[in-house]
Amino acid sequence: MANGALTRDPLIRAFGAVLRGHREAAKLSRSALAQALGCTPQWIEKLETGLRAPSEATSEDLDTYFKTPETFHRMWLEVRRVGKHAELPPGFSGFVELEAKATMMCIFENMVVTGLFQTPRYAHELLAAGRKPEVVEGLVTTRMERQGILARESPPVIVLILDEGVLHRQIGGEDIRKEQIGQLIERAEDPNVTIQVVPSRAGAYAGVMGAFTLLSFDDRSDLVYVEGHAEGQVIDQSDKVQAHVLGFNLIRGAAMSAYDSLKLLRTVWENL
């Protein structure tokens, strides 16, 4: 994130303001604080004016020095959380929060394996284009953290339908593809997961509408998340949600059974 962008981040500015307040209350110059922390006065100035985001180590050092348990560290955690969301496509962070609360998901993907089932290396290949390495690593970490919902005591029920082209698309080398398909096979064996594949021989089918995810909850109405080229959109209008429910059922009607889909996954894996 460029320095100019940081100065507009209210959480980073707030961190700097709290730091300055503690420093001045302790009657310390920037030079004195910098000497105590083992950094430069210029670094302290940049932190206080919001020109630099704090690191986790810095937040912990400040809590230790000022005897403020967790104050600066909690602020750093919030800066990191919002920063991760800022790297995501517009609309996606809201979807991630809803995804974590869903009791059932019906997912259709026609281009790539869905993020919840991606391996780290596959995700890295997808996210690397046009991004700095540190941004890519952050996005991959966020994607892997999302998968924590699959390990919950009561994980959501997931029905995933993939276009067969997803299995043959060259994402990384063959070792990455084989690892990814191996993970799909493992997921397909989970009792709460159903994976079906629309075979290439199906020709034109309802899936040409593009990828989307239907979310169901215990305490609210169903939603649909529709992916776009530059951003995604969470939709709660009942008529549009129902249109996607119908679309998903039509797509599922064109797909192979879960049993035959698993056989296909194993065949593709064995041939790689």
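Throughout what follows, the structure given in this document is the object of discussion. (Residues numbered from 1 in each chain as written. Predicted model: local features only at pLDDT ≥ 70, side-chain atom pairs only at ≥ 80, totals over all residues. Heavy atoms only, no water.)

## Comments concerning a negative patch on the surface
A surface patch of negative charge is lined by Glu56, Glu60, Asp61 and Glu70. Counting through the fold element by element, glutamate 70 comes out in the loop between α5 (56-66) and α6 (71-87). (Patch = residues over 30% accessible without salt bridge, like charges linked within 9 Å, V, L, I, M, F, W, Y side chains within 5 Å. Areas by Shrake-Rupley, 256 points an atom, 1.4 Å probe, with all protein chains shown as cover. Salt bridge = Lys/Arg side-chain N within 4 Å of Asp/Glu carboxyl O. Lys, Arg positive; Asp, Glu negative; His and termini not counted. Charge placed at Lys NZ, Arg CZ, Asp CG, Glu CD. Helix = DSSP H or I, 4+ residues; strand = E, 2+ residues; numbered from the N terminus.)

## Here we look at the sheet that holds strand β6 (residues 232-235)
If you walk across this open sheet you meet the six strands as β3-β2-β1-β4-β5-β6, and the pairing is mixed. Looking at the sheet topology across the chains shown, the edges are occupied by β3 (193-198) and β6. Averaged over all pairs of adjacent strands, the angle between strand axes in this sheet comes to 10°, irrespective of strand direction. Of the strand pairs in this sheet, strand β5 (residues 223-227) and β6 are connected by four bridges, and their pairing is antiparallel. For valine 226, the partnering residue across the bridge sits in β6 and is glutamine 233. Strands β1 (104-109), β2 (157-163), β3, β4 (212-216), β5 and β6 of the sheet are contacted by helix α12 (residues 238-254), whose axis makes an angle of about 115° with β4. (Pairing = 2+ DSSP bridges. Axes fitted to C-alpha atoms, helices over the stretch in contact; angles between N-to-C directions. Contact = heavy atoms within 4.5 Å.)

## Here we look at helix α4 (residues 41-48)
Those residues of α4 not exposed but buried are Ile44, Leu47 and Glu48. Each buried residue of α4 lies within a common arc of 95° when the element is viewed along its axis, so the set occupies one face. Buried positions along α4 lie against α2 (10-25), α3 (30-37) and α5. Immediately beyond the C-terminal end of α4, within one or two residues, lies glycine 50, with a positive phi of roughly 80°. (Buried < 20%, exposed > 50% of the residue type's maximum accessible area, 1.4 Å probe, protein only. Arc of directions from axis to C-beta.)

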